[in-house]
Amino acid sequence: MKKYYLMAPGPTPVPSNVLLAMAQPMLHHRTPEYEALFLEVRAGLKRLFQTSQDVIPFTSSGTGALEAAVCNTLSAGDTVLVLRAGKFGERWEEICRTYGVTVIPMDAPFGQTVPAPAFAEALMQHSESSTGVLHDVKGVAAITRATGAILIVDAVSSLGIADLRMDEWGVDVVVAGSQKGLMLPPGLSFCALSEKAWGHVKGSRLPKYYFDIATERKFVAKNECRFTPAVSIFVGLREVLKMIETEGLPNVFRRHERLARATRSGVEALGLELFAKSGPSPALTAVVAPRGLDSEAVLSTYSTSHNITIAGGQGEMKGHVFRLGHMGYVGDFDVITALAALEQVLHELGHPVDFGAAVRAAQKVLAER
């Protein structure tokens, strides 16, 4: 018997108490019971996003929130600066071009980021989960705050994982999804907008219907969703927000950083190279496959031999990088298991391994207090 482990950078494991909550009989979304649920979730999301603004939910993947951010704050012919440092930076560019927005790309080699002073206005992601890099949102926000530009941040793989102080830092739009740090199934996405961004919403001339944030905001004020929401995931979200608040956001951030340091230490103890050259993300660790070894073989062996799901490289990184997730409902021994399996996987693929090296290095980090 092989126990299944989900160690990919999204979707992530769902806590058992959240699964049980979502298994309750279905609520109708136009009832007092759902209104009470939404009111509670609405308050919890503000605390999670560290904002006084309402957080607008959509029943969609995180990419839906990315599209909503673009089509609600911009108009055709507007110019945006897009940080392209991974697959999801490229997705921002694709969405903007689809809507006729002029894109000025700011490129960084995959695995690296762009220093904050290089920005004059920005559209970016916080944690680039395709490369394992965490970008300096605070530094970029300090630059954009005094301009007419708005800063839109993709926090799909950083919300509830890395500190993102929306109001304090002056971030204008934060988008996120349910399936990573929020420990839920895929299906919900979120947009939070500053007053400055809401001003841009009023002037936006791009088409939108389902992702009409201004209309959705009116329903949120009544503790409703405009269209049929993913009711069961909202029920689970209430449980997740309780868990996060019980642990405390600063402790959540420290836990993720600790697990990330342990994973990185374990990987390097095996002589492997980390893909992120600067600002590694606490959400996941991207690893360069050993010379002569296809990273897809690493994924396959994890799965077939050990019943563990990790992730591979995307786009130009496919075949060269594999990714170990350590976000959301993940603890010390999940990381130890993933690293112990990595030793076995490399051995099975014919790569020399110092058995115990990764586990030993990780345990030293995890033993720190």
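Structure's up top.
Residues numbered from 1 in each chain as written. Predicted model: local features only at pLDDT ≥ 70, side-chain atom pairs only at ≥ 80, totals over all residues. Heavy atoms only, no water.

**Structural notes on the overall build of the chain**
Along the backbone of the chain there are 13 helices and 15 strands. Here the chain has a C-alpha radius of gyration of 21 Å; the compact-globule value for 369 residues is 21 Å, and the two agree. Taken over the C-alpha atoms alone, the chain extends approximately 60 × 50 × 35 Å along its principal axes. Out of the 369 residues in the chain, the part that is buried amounts to 57%. The contacts in the chain between residues at least 6 apart in sequence include a share of 71% that link residues at least 24 apart. With the model as given, the accessible surface of the chain reaches about 14,700 Å², and the carbon-plus-sulfur share is 55%. Across the chain, the mean location of the 36 positive side-chain charges is 2 Å away from that of the 37 negative side-chain charges. (Helix = DSSP H or I, 4+ residues; strand = E, 2+ residues; numbered from the N terminus. Rg over C-alpha atoms; globule rule 2.2 N^0.38 Å. Buried < 20%, exposed > 50% of the residue type's maximum accessible area, 1.4 Å probe, protein only. Contact = heavy atoms within 4.5 Å. Areas by Shrake-Rupley, 256 points an atom, 1.4 Å probe, with all protein chains shown as cover. Lys, Arg positive; Asp, Glu negative; His and termini not counted. Charge placed at Lys NZ, Arg CZ, Asp CG, Glu CD.)

**Quick look at the pairing of strand β9 (residues 173-177)**
Most of β9 is tucked away: five of the five residues are buried. Bridge count between strand β8 (residues 152-154) and β9: three bridges; the pairing is parallel. In the sheet register, Asp154 faces β9, and the bridge partner there is Val175. Sheet topology places β9 next to strand β10 (residues 188-193); five bridges connect them, and they run antiparallel. Counted as the bridge partner of Ala176 is Phe190 from β10. (Pairing = 2+ DSSP bridges.)

**Comments concerning the environment of Val153**
Following the sequence through the fold, Val153 ends up in strand β8. Given the relative accessible area of 0%, Val153 is considered buried. The spatial distance from the C-alpha of Val153 to the C-alpha of Ala69 is 9.3 Å, given a sequence separation of 84 residues.

**Notes on the nonpolar core**
In globular proteins that are soluble, nonpolar side chains generally tend to be buried together. By size, the foremost hydrophobic cluster in this structure holds 76 residues, and its most contacted members are Leu45, Phe49, Val171, Phe190, Phe234 and Leu237. Residues Val287, Ala341, Val345 and Ala357 belong to the second largest nonpolar core, which totals 32 residues. (Core = buried A, V, L, I, M, F, W, Y, C linked by side-chain atoms within 4.5 Å.)

**Some thoughts on the pattern of salt bridges**
Per the counting criterion, the structure on display carries 16 salt bridges. Close ionic contact of Glu40 with Arg238 constitutes a salt bridge, the shortest N to O distance being 3.7 Å. Of this pair, Glu40 sits in helix α2 (residues 32-49) while Arg238 sits in helix α9 (residues 231-247), placing them 198 residues apart in sequence. Arg238 gets classed as partly exposed once you look at its relative accessible area, which sits at 22%. In this structure, Arg97 engages Glu93 in a salt bridge whose closest nitrogen and oxygen atoms are separated by 2.9 Å. Of this pair, Arg97 and Glu93 both sit in helix α4 (residues 87-98), four residues apart, which is roughly one turn of the helix. With a relative accessible area of 45%, Arg97 lands in the partly exposed category. Under the relative-accessibility criterion, Glu93 is labelled buried at 12%. If you follow the salt bridges from partner to partner, you end up with Arg42, Lys46 and Asp54 in one network. (Salt bridge = Lys/Arg side-chain N within 4 Å of Asp/Glu carboxyl O.)

From the geometry alone we can't say anything about function, so treat these as descriptive.
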